[in-house]
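Secondary and tertiary structure notes
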Amino acid sequence: MRGFFLTSLMVLLIGVPVAGAAAHDGWFVRVCPAKTEAGRIHLTFSGGRQGYSWSWIEGRTPDEIDLPRRFHSVARLTMRGSTSSTPSNINPHAYICVGFRNHIVQRMEFDDHEDHDKNWYDTDDCAC
């Protein structure tokens, strides 16, 4: 009964069921390869007076990563995503989701670049 109550409370507070979300210790990023045309995506994150950058390369890097431990207690995150053009696709599409612990904070869909400032409690959907 207690577990049901806690799950119901989490759904009420953050709007997504806990059971359906992967457990993370802090901020994480997920690239959705099925919806992404780009072969390379560059992502930068900053918050709490620190920064981090990561490049996703199709078939060579994981589709989901946790941001470094130093970001676990960062409440507000600035994020920027950009794609690299190829001779056959000048503006390839990218579909990325950024989350905090057990929920998605921001879905990013872009053909060139996209910027956001988000708090840990913001919510969005992610349909990878």
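Please read these numbers as outputs of a predicted model, since none were measured by experiment. (Residues numbered from 1 in each chain as written. Predicted model: local features only at pLDDT ≥ 70, side-chain atom pairs only at ≥ 80, totals over all residues. Heavy atoms only, no water.)

Time to look at the side chain of E114. For E114, the location among the structural elements is in strand β8 (residues 113-119). Buried charge without a salt bridge: E114, with R107 as the nearest opposite-charge side chain at an N-O distance of 7.6 Å. For E114, the side chain forms a polar contact with the main-chain nitrogen of E109, separated by 3.3 Å. Polar contacts involving the side chain of E114 include one to the side chain of H116, which spans 2.4 Å. Each residue touching E114, except ones within four places of it in the same chain, is listed here: M79, R80, G81, Q106, R107, M108 and E109. (Helix = DSSP H or I, 4+ residues; strand = E, 2+ residues; numbered from the N terminus. Buried < 20%, exposed > 50% of the residue type's maximum accessible area, 1.4 Å probe, protein only. Lys, Arg positive; Asp, Glu negative; His and termini not counted. Salt bridge = Lys/Arg side-chain N within 4 Å of Asp/Glu carboxyl O. Polar contact = N/O pair within 3.5 Å; in protein donor to acceptor, adjacent residues only side chain to side chain. Contact = heavy atoms within 4.5 Å.)

Turning our eyes to something else, we now look at the pairing of strand β6 (residues 94-100). Burial runs high along β6: seven of the seven residues are buried. Along β6, one buried face is formed by A94, I96, V98 and F100 and the opposite face, lined by Y95, C97 and G99, is buried too. Note: strand β1 (residues 27-31) against β6, five bridges, orientation antiparallel. Within β6, the residue paired with R30 across the bridge is C97. Inspection of the sheet shows β6 paired to strand β7 (residues 103-110) by seven bridges, in the antiparallel sense. In the sheet register, F100 faces β7, and the bridge partner there is H103. Taken together, β6 and the strand that follows it, β7, pair antiparallel across an intervening segment of two residues, in which R101 is found at a positive phi of about 55 degrees. (Pairing = 2+ DSSP bridges.)

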